[in-house]
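The lines below spell out each chain.
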Amino acid sequence: MATTHAAPGASKALWLSTIAFTVCFSVWTLFAIIGVQIKNELGLSESEFGLLVGTPILTGSLSRVLLGIWTDQYGGRVVYVITMVAAAIATYLLSYATSYPWMLVAALGVGLAGGSFAVGVAYVSKWYPPEQQGTALGIFGAGNVGAAVTKFVAPFVLVAFGWQTVAVVWASALALVAIVFWLTTDDDPETKARRARAEKPRGLLQQLAPLRHQQVWRFSLYYFFVFGGFVALALWLPRYMIGVYQLDIESAGMLAALYSIPASLFRAYGGHLSDRYGARTILYWAFGVSLVCLLMLSYPETDYVIHGIKGPIAFSTRMDLVPFVVTIFILGFFMSLGKAAVYKYIPIYYSDHVGAVGGLVGMIGGLGGFVLPIAFGVMADLTNIWTSCFMLLFLIVAVSLGWMMFSIRQMEHRAAGEVLDKLAPLAELDHVHSHEKHPAHHGLIEDWRPEDEEFWETTGRRIARRNLWISIPALLLAFAVWMVWSVVVAKLPAVGFTYSTDQLFWLAALPGLSGATFRIFYSFMVPIVGGRVWTALTTASLLIPAFGIGYAVQNPDTPYLLFLVLALLCGFGGGNFASSMANISFFYPKKEKGNALALNAGLGNLGVSVTQFIVPIVVTAGVFGVIGGNPQETSEGTKLWVQNAGFIWVPFLIVTTIAAWFGMNDLATAKASFAEQAVIFQRKHNWIMCWLYTGTFGSFIGYSAGFPLLAKTQFPEVDSLQYVFLGPLVGALSRAATGWISDKWGGGRVTLCVFAVMIAAVGGVLFFLGIKDQPGAFWGFFAMFLILFFATGVGNASTFQMIPAIMRKEVGRLMPGKSAIEQTRQADKESAAIIGFTSAVAAYGAFFIPKAYGSSIAASGGPELALWGFLVFYVTCLAVTWWFYTRPGGLLHDVERGGPPSAKEGGRKRSSAGKPAGAPIPAASVQ
């Protein structure tokens, strides 16, 4: 029977752990104060300052999962002390750093202090029963007040003695606390009991098992806001108040502490409230009030002029310092309640895996503390609006609250599912609500057996082809809208938009960032929503950026921030690829899957070249007449209708949306929840294929996004825009035309050859850039890129052919107890999810490649540094392909080289349904 009382010695363990965590947190946020001085000494930009402040947060976050697991395995006392000592050494060595790179290196070690949170959570929770863990962990989490200690004390030490002394003093304090903790604490009861039984701790894989649950990742998002947002603001607020309210460092630090203190000390009270009223109620309050506070904080200082009857009426909006401090105090208070509520959940749901789950949730939250300060700096640089940091936090808390409400509604529906299913939507129409009068919708197919040859030839092929040929134009339009900025950015300077080269590269890169992020979610949506419904909805969503671009580019005074938003919204098109490929993969049998996916992706990828070919033409004519708006006059006196770059897609999007809704199908056999699909995160080959597909598709889409602007900047004397569409065209056609090669010879062998060609082609690009001033250099540069695009297209097809082949072997090995039919369906579901997820990861190439060009040009004057990085990456891809798949003993070696034939039952070829070929099979049930 579980005890309802804390173990003897629990209070001492709790308070000593809290004191230690307070000092650790004080060290972890040290750069919030000394970073301002370092910024001034080294002349850092806002983005560089954000990176410096966020680097310790990165280490403290990434280390939390392993530290949590080690705490469960070896006990919190020893792991806690080792962590504190390591962080103290790194903090002391920081005082000797004199350059920005070495400060970043030292900051990585300082960040270990933040990893102590996962150790403390696992250690403290083992001393208390579940009904007291909320309060206990709330008290421990109040150690966040260490951030306020740093803000109160560090500015005075810094002004008096310098930032190096601050580092030495804080390191000494942490080392002293580590010694005291070791001498005065004891091992937790669970660790002592396990040692007494001479029982080995659970292995790493067993500890990580709960991480496949969707619920864990939902908790992580909550903590990303309540803790990651807290850390980010704790680091950013001194800089914010100095910039907005012109305060000195001492005043800014003390006022920022008015946010850090309630966001820390009241965490203990949040734990008490969570024990009393439940974590869900507290989270509702935390998210709701935070939403209101952030809405107020997000509104920038604005001047308004109203043209009144008797003349202009002018007024301004501005949040002065006092209401600002009051608002962040309230925000900090409710974020502290949210932090406690999240960690009230973990010991209840995952009592045997507090270290691993608490470590992961803490890691994601800590990553918020790393990513968000950098994002704050980047947004300040790009938008020139100080309150943009609060706008971002508002978006995060809105998503968190929405996901929480949606999940709770789902749980309530499952709990009362049988009762709800018996109720009619309208009681007065109860007599008409029956399955006979309201069957499943017309697009649903309940019986789908593509591996059954008779079914496929008589029914399946026709349906699959219809869905494929509607999917292709939908995907083509998605790519067209996704990549439209790659052409528009080259036209903006000509019509009066005075943006820097770096700002233009940001506009070309951001659709890739958002598109890749959308893909992560889109990749799981087809089995949940249905391919027909999702294709129609996502195609219709592209009307938003298409109309937005058409209106925004007509006025050179349009704020840059609006262009950034529209660039992000174009990511809707990038997200469509993941769901489109996952959907088509369900329709085709294994023997034709590679070619079908190649056609869908390859012809869909044509949208990139269609954009880069069509847009330069349509912007030179008034295609839509008066409806499309007036032209813009260039510096040369010619007229351009840049708005046509957005408007041209609108009629095609409307027609394709209608075609998808009425012409496509949903498959009942493809239905799966997120939890069922999330098993792919445990599959090693999912992550390996993410790496390889980033090398192929990530390169294709990244080069497509950056090629027009790169060619224009490196060869300004050449009118390259009339040629650059050929690169994506070659890549798309090679993907569509070469899928059969991978079906015949094996995706692994083809992928190996692809990376060898890509390595050589990048070397060629570097060569011609080195002689770019010589005649004909552009054409050599252009030819090498065409080879690159061709190779990426072939590789895109070959890597996707590999995934179903890999999962057919892996599911058979991992699930030998399932029947052949069940193994095939499981492999197909996992393959579809992996195809979608790998495409999501790879799509970040559309952001990183153009941004790498811009950063390389800014740092060295040319793109060569970025290209050398790409070359090294392709070498790793080649090595990974050979080692895991194509070498003798590799997973696909026997499959691709004609290994032993599979056993045949009774000497007769059998269908996937387990019946001899030729046996009668019922026709498909298509409703």
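Everything numeric here is computed off the predicted structure, so don't read it as measured data. (Residues numbered from 1 in each chain as written. Predicted model: local features only at pLDDT ≥ 70, side-chain atom pairs only at ≥ 80, totals over all residues. Heavy atoms only, no water.)

Draft legend 1. Examining the overall build of the protein more closely. Check the secondary structure of the protein and you find 39 helices and six strands. Looking at the protein as a whole, 58% of its 927 residues are labelled buried. Summarising the internal contacts of the protein: among those between residues at least 6 apart in sequence, 83% fall at separations of at least 24. Carbon together with sulfur atoms contributes 67% to the accessible area of the protein, which is approximately 37,000 Å² in total. (Helix = DSSP H or I, 4+ residues; strand = E, 2+ residues; numbered from the N terminus. Buried < 20%, exposed > 50% of the residue type's maximum accessible area, 1.4 Å probe, protein only. Contact = heavy atoms within 4.5 Å. Areas by Shrake-Rupley, 256 points an atom, 1.4 Å probe, with all protein chains shown as cover.)

Draft legend 2. Expanded view of the pattern of salt bridges. If you walk through the whole model with that rule in mind, you get four salt bridges. Across the pair Arg 449 and Asp 452 runs a salt bridge whose closest N-O atoms are separated by 3.2 Å. Side by side, Arg 449 and Asp 452 carry an identical accessibility label, which is buried. A salt bridge links Asp 666 to Arg 532; the nearest nitrogen and oxygen atoms lie 3.6 Å apart. Taken together, the residues Asp 666 in strand β6 (residues 666-667) and Arg 532 in helix α24 (residues 531-541) connect sequence positions 134 residues apart. The same class applies to Asp 666 as to Arg 532, namely buried. When salt bridges with common partners are traced through the structure, they connect Asp 447, Arg 449 and Asp 452 into a single cluster. (Salt bridge = Lys/Arg side-chain N within 4 Å of Asp/Glu carboxyl O.)

Draft legend 3. Here's a closer look at unusual backbone geometry. You will see that Gln 246, though not glycine, has its phi angle at about 55 degrees, which is positive. Along the chain, Gln 246 falls in the loop between α12 (214-245) and α13 (249-260). Accessibility expressed as a relative area gives 60% for Gln 246, which makes it exposed.

Draft legend 4. Spotlight on empty space enclosed by the protein. A complete count under the given rule lists three cavities of 30 Å³ or more for this structure. What lines the largest cavity is Ser 471, Ala 474, Leu 475, Ala 478, Thr 535, Thr 538, Thr 539, Asn 576, Ser 579 and Ser 580. Counting residues per element, the lining of the largest cavity draws most heavily on helix α20 (residues 453-482), which supplies four residues. Across the lining of the largest cavity, the residue classes tally to three nonpolar, seven polar and no charged. (1 Å grid on protein atoms, 1.4 Å probe; cavity = no way out; pocket = protein on both sides within 12 Å on 5 of 7 lines; lining within 4 Å. Points joined across faces, edges and corners; volume = space filled by probe spheres on them. Nonpolar A, V, L, I, M, F, W, Y, C, P; charged D, E, K, R; others polar.)

Draft legend 5. Representation of the side chain of Thr 792. Position of Thr 792 among the secondary structure elements: in helix α35 (residues 777-814). A distance of 2.7 Å separates a polar side-chain atom of Thr 792 from the backbone oxygen of Phe 789. Apart from the residues within four sequence positions on either side, Thr 792 is in contact with Thr 696, Ser 699, Phe 700 and Met 758. (Polar contact = N/O pair within 3.5 Å; in protein donor to acceptor, adjacent residues only side chain to side chain.)

Draft legend 6. Region of the structure containing helix α25 (residues 543-552). A large share of α25 lies buried, amounting to seven of its ten residues. Among all positions of α25, only Leu 543, Pro 545, Ala 546, Gly 548, Ile 549, Gly 550 and Ala 552 are buried.

Draft legend 7. The arrangement of a nonpolar patch on the surface in detail. Residues Leu 258, Phe 266, Tyr 269, Val 322, Val 326, Phe 329 and Ile 330 make up a contiguous nonpolar surface patch of roughly 600 Å² in combined accessible area. Among the elements that make up the nonpolar patch, the one with the highest residue count is helix α16 (residues 321-349) (four residues). By the secondary structure assignment, Val 326 is in helix α16. For Val 326, a relative accessible area of 47% translates into the label partly exposed. (Patch = residues over 30% accessible without salt bridge, like charges linked within 9 Å, V, L, I, M, F, W, Y side chains within 5 Å.)

Draft legend 8. Quick look at the side chain of Thr 838. Locating Thr 838 in the fold gives a position in helix α36 (residues 820-842). Among the polar contacts made by the side chain of Thr 838, one reaches the main-chain carbonyl oxygen of Ile 834 at a distance of 2.8 Å.

Draft legend 9. Fine view of the confidence of the model for the protein. Residues with a pLDDT of 70 or more make up 84% of the protein, whose mean pLDDT is 77. Throughout residues 423-441 the model reports pLDDT below 50, and contacts reaching past four residues in sequence, or to other chains, amount to 14 contacts. Counting contacts from residues 899-927, a segment whose pLDDT is below 50, to residues more than four positions away or on other chains yields 42 contacts. (pLDDT = per-residue confidence, 0-100.)

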